[in-house]
Amino acid sequence: MTENGRGFKSSDHSLLILLCLLFFKSSGAQLKYSISEELKEGTVVGNIAKDLGIDRNIMKQRGFRVMPGSNQPLFKVNENDGVLYSSQRIDREEVCKESSLCSISIKTVLENPLEVHYITVEILDLNDHSPAFPEKTKRLEIFESVLPGAKYQLQNAFDPDGGSHSVQNYKISPNEHFRLEVKDRGRDGKTPILHLQKQLDREARSIHQLLLTATDGGNPPKSGTLEIIVDVLDVNDNMPVFSKEAYSVLLEENAPIGTTVIQVNATDLDEGPNGEIIYAFGSDVKDKIRDLFEVDSVSGDIIVKGLVDFEEHDIYDIDIQASDKGSIPLKTDKNVIIKIRDLNDNAPEIEVASLSSAVSEDSRPGTTVALISVTDSDSGMNGKIISYVAEDTPFTLTPSVQDNMFAVVTKAQLDREKQSKYDVKIIAKDAGVPALTSDKFITVHVSDFNDNSPVFLLSPYTFYISENNNPGASVFSVRASDADEGDNALITFSIFRNVGRDEKVSSYLNINSETGEIMALKSFDFETVKSFQFQVVATDSGSPSLSSNVTVNVFILDQNDNPPVILYPVNSNGSAEGVEEIPRNVNAGHLVTKVRAYDADVGYNGWLLFSLQQVSDHSLFGLDRYTGQIRTLRSFTETDEAEHKLVVLVKDNGNVSLSATATVLVKVVEPKEAFAASDVKSSAKVDEDTDVTFYLMITLGSVSVLFIISIIVLIAMQCSKSPDYTSKYLQETNYDGTLCHSIQYRSGDKRYMLVGPRMSIGSTIVPGSHANTLVLPDRRRPSEEVGWRSEFSSMRS
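Residues numbered from 1 in each chain as written. Predicted model: local features only at pLDDT ≥ 70, side-chain atom pairs only at ≥ 80, totals over all residues. Heavy atoms only, no water.

Participant: Is there a simple way to think about the overall build of the protein in this case?
Facilitator: The number of helices and strands found in the protein is six helices and 56 strands. A buried classification covers 42% of the 797 residues belonging to the protein. Counted over contacts in the protein with a minimum sequence separation of 6, partners at least 24 positions apart contribute 66%. Accessible surface computed for the protein: about 43300 Å², of which carbon and sulfur atoms make up 51%. (Helix = DSSP H or I, 4+ residues; strand = E, 2+ residues; numbered from the N terminus. Buried < 20%, exposed > 50% of the residue type's maximum accessible area, 1.4 Å probe, protein only. Contact = heavy atoms within 4.5 Å. Areas by Shrake-Rupley, 256 points an atom, 1.4 Å probe, with all protein chains shown as cover.)

Right under this line is the structure:
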């Protein structure tokens, strides 16, 4: 259809428009037009200005237009001439969907004054669509046992056209088993229903193909088809049948998981699912069997699923069920016998029935330590057991009265101090092939018995302490240990008190019974006692208790605590003053006198040096610093005074020196007077020598007593097997004018000497030894005893 001016080229459409105009009512200001669908864009619908009686000359002035809607407008109006035309190609099925009547309302507007006119445009349907089914092929499954009269509703065909152009009828291809019924559902259309009018026979024909045709009411009518395939289903009327009357198999225990034990097989004469067989356990099979085995539902294989153990079960009777896949499955049961063959797969088991918490080390061989049980779950030779204890322990196994019971007993004497705990390895071996072995460790603790005496860390002990120590302070300590434990190793210390030379000295000592610290209750005096010896006893707390003792040698080290004592000159009232007369005609080097002094200390502390503290004429007299001899330095002259006073300072060589002074008054006389005075002086000299001799006798007597005591101590130490320490004093005379001391002693591989004025060439002072200790070259054999040497020098007259 094409547009020509304001009319239609087609006579049919012009007549349709004229009919619409005849029904137009100008008084209602409402117009209605009808056009066919599928007209091309720009098709004239009608002249609104003419139909409404509007002067087209004023239409543009009054803004004649179509009011826009929510959707894209299907129509437009020419504001110059008032002609309404389509703005696009119109598809009725798209615009009105499934509505039987399709009309579109339009509002036109004129302004000044405002006028609104309503226009309805009806879209007329064309038969431009054929009926269509949702799918090309429909498949139905019908059992051959279904009786005639069964109905099967089919899907409706769909035609987008409306009215008489929609689906109006259905028909089916000719056949002897089915007929078609069409049911009218009103607005929902017509539905085809397939009726079974004759029973199906799968064995005669398993598939039926039908063709369903749907037609509309167009002229000419249009149609659509649907292919219907009817599958005739089999009826399950045959049971599965096993291929054997009985199934039996032998299976080794411990078969690997996944091992196929046996395969069962059954067949079914039916076809399809009715002839397909699935296998499963019977309903009465226990969960234990289900844990060990499984059945392949398709192949019928019985497969190992868990650990098969002969010791738990040696035979299994299993129900296997075969069923088809029919709608109502048919089933058949069959028994399968599985026998298990034993293997040597169980090692002997060792259990400790009784175990002692500890065994005393003084237990006799054969003492029972533990009771054990040895078993094997296997049978026959696989269950025969040989048990024994590893050879590296002092234990063995002895059989008990009961079978498979053994006693673990000691086979040698135990010593806790060598080994306090044993991990005893018990081994059990069966007689299978191959043999299986198991072992078990039991821990045996050895309890202590008081069989070890305390042992001192050193024997003997040697200590050096300085004299004038603080009373009550700790001076040294001893240590001891005990290889036992507990109370048997708890040590107490004490000092052994015996009757002897050192008893009095050791009574001044006290020991801490727990720590071994030894305290001095008084200060020691080197000049009184230079060494002593005592014994310390260490006793444990066992029952009965054990003890041991150790010899302790103590050497007192000298300190400079005695000042020099002037032996000459000494006057009648005891002061260190004297008068010496010498002839005037003596030559240089004449011995005027000798100052004699003594220091009770030893070594450097007793080494005395002389010096002139005061002299009237330094050019006339000289003093030997080592001997104390005063000699003339020159001859006397007439101008020299007749009387000279000399003050001599005597001091020792201690770290803090001590000193004394002596005053010598020298008178110079003529030779004749000197001879006369010599007689008087000789008698005085005799008295003086008598006093000096008395002091020397006392000194020598003391030295002799000390020497004898030293010999006794040396013999006692040798008897007590203390070869490293002795005390021996020897006398030696040295006329150097001063009474001095030197003491030698040994410590380890070094020999020490406390010296007086004379020192050995090549000796070395040891640091930290109070500056009076020398290390002497040791020319003694290592096995020689330590010697004490005391040297006293007598005065030179």
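What follows picks up the thread again.
Participant: Is there a simple way to think about the pattern of salt bridges in this case?
Facilitator: Opposite charge on two side chains lets them pair, provided their charged atoms get close. Across all of its chains, the model carries 16 salt bridges by this definition. Glu417 is paired through a salt bridge with Arg416; the nearest N and O atoms lie 3.2 Å apart. Glu417 gets classed as partly exposed once you look at its relative accessible area, which sits at 24%. Here Arg584 makes a salt bridge to Glu670, at a shortest N to O gap of 3.6 Å. Taken as a pair, Arg584 in the loop between strand S44 (577–583) and strand S45 (591–594) and Glu670 in the loop between strand S51 (659–669) and helix H6 (671–719) lie far apart in primary sequence, 86 residues in all. One continuous salt-bridge network, built from bridges that share partners, spans Arg416, Glu417, Asp448 and Glu485. (Salt bridge = Lys/Arg side-chain N within 4 Å of Asp/Glu carboxyl O.)

Participant: Is there a simple way to think about the pairing of strand S21 (residues 277–281) in this case?
Facilitator: Alternating residues of S21 divide into Ile277, Tyr279 and Phe281, all buried, and Ile278 and Ala280, none buried. As defined by bridge partners, S21 adjoins strand S24 (residues 315–324) across five bridges and the pair is classed as antiparallel. Across the sheet, residue Ala280 finds its bridge partner in S24, namely Gln321. (Pairing = 2+ DSSP bridges.)

Participant: What am I meant to see in the packing of aromatic side chains here?
Facilitator: The description of an aromatic ring pair rests on the distance of the ring centres and on the angle between the ring planes. Within this structure, the stated rule accounts for 15 aromatic pairs. Plain terms: the ring middles of Phe242 and Tyr247 are 6.4 Å apart, the flat faces sit at 75° to each other, and that makes the pair edge-to-face. Look at Tyr247 and you get buried, because its relative accessible area is 4%. Judged by centre distance (5.3 Å) and plane angle (20°), the ring pair of Tyr464 and Phe555 falls under stacked. Of the two residues, Tyr464 sits in strand S35 (residues 461–466) while Phe555 sits in strand S42 (residues 547–557), which places them 91 residues apart along the sequence. For Phe555, a relative accessible area of 6% translates into the label buried. Each member of the aromatic cluster is reached from another via a ring pair, and the members are Phe456, Tyr461, Phe463, Phe476, Phe493, Phe524, Phe532 and Phe534. Lying over the aromatic face of Phe526, Lys530 brings its terminal NZ or CZ to 4.8 Å of the ring centre. Across from the ring centre of Tyr626, 5.4 Å away, lies the NZ or CZ of Arg625, which sits over that ring. (Phe/Tyr/Trp six-rings, centres within 6.5 Å; stacked < 30°, edge-to-face > 60°. Lys NZ or Arg CZ within 6 Å of the ring centre and 35° of its normal.)

Participant: I'm lost on the sheet that holds strand S16 (residues 223–233) in this one. Help?
Facilitator: Within a sheet, neighbouring strands are paired by backbone hydrogen bonds and run either parallel or antiparallel to one another. Strand order in the open sheet formed by four strands is S10-S16-S15-S12, with mixed pairing between adjacent strands. The open sheet is flanked by strand S10 (137–143) and strand S12 (167–172), the only strands paired with a single partner. Geometrically, the sheet is characterised by an average inter-axis angle of 25° between neighbouring strands, direction not taken into account. (Axes fitted to C-alpha atoms, helices over the stretch in contact; angles between N-to-C directions.)

Participant: Honestly, a nonpolar patch on the surface in this entry has me stumped. Any pointers?
Facilitator: Taken together, the side chains of Met67, Leu114, Val116 and Tyr118 define a hydrophobic patch exposed on the protein surface, amounting to about 390 Å² of accessible area. With respect to the helices and strands, the residue Met67 is situated in the loop between strand S5 (65–66) and strand S6 (75–77). Residue Met67 is classed as partly exposed on the basis of its relative accessible area, which comes to 39%. (Patch = residues over 30% accessible without salt bridge, like charges linked within 9 Å, V, L, I, M, F, W, Y side chains within 5 Å.)

Participant: Would you explain the environment of Ser545 in this entry?
Facilitator: Residue placement: Ser545 occurs in the loop between strand S41 (531–540) and S42. Accessibility expressed as a relative area gives 42% for Ser545, which makes it partly exposed. On a C-alpha basis, the gap between Ser545 and Ser453 in space is 8.4 Å, while along the polypeptide they are 92 residues apart. Ser545 has contacts with Asn450, Thr539 and Asp540, leaving out every residue within four places of it along the chain.

Participant: Looking at this structure, how should I read the environment of Val182?
Facilitator: As for its position among the elements, Val182 is in strand S13 (residues 178–184). Residue Val182 is classed as partly exposed on the basis of its relative accessible area, which comes to 34%. A sequence separation of twelve residues divides Val182 from Leu194, and the C-alpha atoms of the two residues are 8.9 Å apart. If near-sequence neighbours (up to four positions away) are discounted, Val182 is found in contact with Tyr170, Lys190 and Thr191.

Participant: I tried to follow the environment of Val595 on my own but got confused; where do I start?
Facilitator: One can find Val595 in the loop between S45 and strand S46 (596–598). Placed 32 residues apart in sequence, Val595 and Thr627 show a C-alpha to C-alpha distance of 8.0 Å.

Participant: What's the story with unusual backbone geometry in this structure? I'm lost.
Facilitator: Residues apart from glycine generally show negative phi values, whereas peptide bonds are mostly found in trans. A cis amide bond links Ser543 to the next residue, Pro544, at an omega of 0°. Topologically, Pro544 is positioned in the loop between S41 and S42. Here the bond from Tyr568 into Pro569 is cis, since omega is 5°, no more than 30 degrees from zero. In this structure, Pro569 sits in the loop between strand S43 (565–568) and S44. Despite not being glycine, Asn112 shows a phi value in the positive range, around 60°. Its location among the elements puts Asn112 in the loop between strand S8 (103–110) and strand S9 (115–124). A relative accessible area of 66% places Asn112 in the exposed class. At Asn404, a residue that is not glycine, the phi angle is positive and equals roughly 60°. One can find Asn404 in the loop between strand S30 (395–399) and strand S31 (405–410).

Participant: Would you mind going over the confidence of the model for the protein with me for this structure?
Facilitator: If pLDDT is low for a region, its predicted coordinates should not be looked at in detail. Summary statistics for the protein give a mean pLDDT of 79 and a share of 82% for residues scoring 70 or more. Between residues 721–797, whose pLDDT stays under 50, and residues either more than four places distant or in other chains, the model counts 212 contacts. (pLDDT = per-residue confidence, 0-100.)

Participant: Help me understand the sheet that holds strand S7 (residues 83–86), please; the structure alone is not making it clear to me.
Facilitator: Reading across the sheet, the three strands line up as S4-S7-S6 and stay open at both edges, with antiparallel pairing between neighbours. Each having just a single partner strand, strand S4 (44–47) and S6 make up the two edges of the open sheet. Averaged over all neighbouring strand pairs, the angle between strand axes comes to 20°, with direction disregarded. Two strands pair when backbone bridges link them, and S4 and S7 are joined in this way by three bridges, in the antiparallel orientation. Looking at the pairing, Asn47 lines up with Val83 of S7.

Participant: Explanation requested: the pairing of strand S32 (residues 421–430) in the structure shown.
Facilitator: A regular strand carries its side chains on alternate faces of the sheet. Direction of pairing for strand S29 (residues 385–389) relative to S32: antiparallel, over a ladder of five bridges. Across the sheet, the residue bridging to Ile385 is Asp430, located in S32. Sheet topology places S32 next to strand S33 (residues 437–447); nine bridges connect them, and they run antiparallel. Across the sheet, the residue bridging to Tyr422 is Val444, located in S33. Once S32 ends, the chain turns through six residues before running back antiparallel as S33.

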